[in-house]
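The chain contents come next:
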Amino acid sequence: MEKSESLEAFYRQKMGILPSDIFRKTGHFNVFTMEDYAGEQPAYPMPYSRKDYYKIALIDGAHQVEYADHTYQVKKNMLMFANPQIPYNWTPVSAKPTGAFCVFTEDYMKGFGNIREYPLYQPGGTPILDITDEEVIQVMNLFSKMFREIASEYTYKYDVLRNMVFEMIHAALKLRPALIVAETNASNAGHRIASLFHELVERQFPIESSVQQIRLKTPAEFADQLNVHINHLNRVLKEVTGKTTSQLIAERIGSEARALLKHTNWNISEIAWCLGFEDTSNFVKFFKKSSTTTPHQFRI
C-alpha cells in the first residue's frame, strides 16, 4: 500500500509552495478552491492513499469514490469528510470539477472537542454525501466565510476557522440526520464506553506494513483494556450500535482485510498475520464468512 501522503507532501506536490511558510501562517489549517488545487492539467483519478490530515471537500458534479473497501456513486454533488485513517480516491465525471476544500490536522482541533466522536468520522458512518444543488449553495456559503476569514487580519482568525470546521460538520449532520440517531438515543455513560471502544479499535489501523500486527482481537481483550466486564461491554455496544462486540471487531478486521487484498500485493498469509491470525486457514474461514468469498477470489 502506498505510504500516507503527509500535509507537507500535499503542499509541495500540489500547491508548489514550501509548507514551513504555510504552517507559520495557518497553524495547520488552510482552505482552497478546486482550481487552486487542480491547476491547468489535473490528474484523475486521484491516487488511492491515506493522508495524515483531515479534509472536507465540496465538489460539483457526479463522482465515483473509493473509500476504504467501499465504492460510492455520487450522482449530483459530493460533500466528503476524509479521515486520515482511511485510504480513498475519487474520480470526477467532469474533466475540471469546481468546488472548495479545507485541510487540517488533528492537532489543530485538539482541545476543542474530539472530532472522531462525530458520526461522519466513526466506523460505519457515511463520509460521502450526495447533495443537491440547493444544498451546495448552503455549504459553499460556509466555505466562502472561510475564505474571507483566512484573508482577514484578525489576530484570532484561526480560532474562528476552527469553529467554522465544526459548523461545517454540523451542517452535514443536519443534511443527513439519520446518521446521528444512535448517538442521541445512547446514554452518556454508554456512549463514552462505546466511543473508547471504537477509539481502541481504530488505533490499530490502518495496517501500512507487513510487519505490523494488531494487538487486540477478542472481546475479552478489549474489555480488559477498558477495565469493564465483557458482558457489560457487549450490552453497551449492543444498545448504542445494535451490534455485538464480536460483530464490530469482525467488521473492522474484515474491512481492513478487503482494503489490503485490494490495494497491496502482500500474500494472504502476510495479511492474515497482520490481522491477528496465526493460522492462514482460520483467516480464510473468517473472510469467507464475512465476505461470502475467499480472499483469493476477492482479489481476482
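Residues numbered from 1 in each chain as written. Predicted model: local features only at pLDDT ≥ 70, side-chain atom pairs only at ≥ 80, totals over all residues. Heavy atoms only, no water.

**Q** I keep staring at the overall build of the protein chain and nothing clicks. Help me out?
**A** Regarding its fold elements, the protein chain presents 14 helices and eight strands. Expressed as a percentage of its 300 residues, the buried residues of the protein chain come to 48%. Contacts spanning at least 24 positions in sequence make up 70% of the contacts within the protein chain whose residues lie at least 6 apart. Accessible surface, the protein chain as shown: approximately 15000 Å² in total, 51% of it carbon and sulfur. (Helix = DSSP H or I, 4+ residues; strand = E, 2+ residues; numbered from the N terminus. Buried < 20%, exposed > 50% of the residue type's maximum accessible area, 1.4 Å probe, protein only. Contact = heavy atoms within 4.5 Å. Areas by Shrake-Rupley, 256 points an atom, 1.4 Å probe, with all protein chains shown as cover.)

**Q** Would you mind showing me how to read unusual backbone geometry here?
**A** Of all residues except glycine, most have a negative phi; of all peptide bonds, most are trans. In this chain, F205 is followed by P206 through a cis amide linkage whose omega measures 5°. Its place among the elements puts P206 in the loop between α8 (188-203) and α9 (219-226). Of note in the backbone geometry, T292 takes a positive phi value of approximately 55° without being a glycine. Looking at the secondary structure, you find T292 in the loop between α13 (280-291) and α14 (295-299).

**Q** Is there a simple way to think about the sheet that holds strand β6 (residues 88-92) in this case?
**A** The strands that make up a sheet are held in pairs by hydrogen bonds between backbone atoms, and each pair lies either parallel or antiparallel. Read from one edge of the open sheet, three strands run β4-β3-β6, paired in antiparallel fashion. Among the strands making up the open sheet, the edge pair consists of β4 (70-74) and β6. Between one strand axis and the next, the sheet turns by 15° as a mean value, whatever way the strands run. When strand β3 (residues 63-67) meets β6, the two strands line up antiparallel, connected through five bridges. What sits directly across from E66, in β6, is N89. (Pairing = 2+ DSSP bridges. Axes fitted to C-alpha atoms, helices over the stretch in contact; angles between N-to-C directions.)

**Q** Got a minute to help me understand the sheet that holds strand β7 (residues 99-104) in this structure?
**A** Strand order in this open sheet of five strands is β1-β7-β2-β5-β8, and the pairing throughout is antiparallel. Of all strands in the sheet, those with a lone pairing partner are β1 (29-33) and β8 (128-131), marking the two edges. Strand after strand, the sheet turns through a mean of 10° between neighbouring axes, direction not considered. Bridging between strand β5 (residues 77-82) and β8 involves four bridges; their strand directions are antiparallel. Across the sheet, the residue bridging to N77 is I131, located in β8. Across the sheet, helix α6 (residues 157-175) lies against β1, β2 (54-59), β5, β7 and β8, angled at about 120° from β5, the strand it touches most.

**Q** Whenever I open this one, the packing of aromatic side chains confuses me. Can you help?
**A** Here a ring pair, both rings aromatic, is described through the centre-centre distance and the interplanar angle of the planes. Within the structure shown, the criterion is met by 12 aromatic pairs. Relative to F104, the ring of Y54 lies with its centre 5.5 Å away and its plane at 5°, an arrangement referred to as stacked. You can see Y54 sitting in strand β2 and its partner F104 sitting in strand β7, a full 50 residues away along the chain. Using a relative accessible area of 1% as the deciding quantity, one classes Y54 as buried. Lying over the aromatic face of F101, K55 brings its terminal NZ or CZ to 5.0 Å of the ring centre. The lysine or arginine in question, R252, covers the ring of F205, its NZ or CZ lying 4.3 Å from the ring centre. (Phe/Tyr/Trp six-rings, centres within 6.5 Å; stacked < 30°, edge-to-face > 60°. Lys NZ or Arg CZ within 6 Å of the ring centre and 35° of its normal.)

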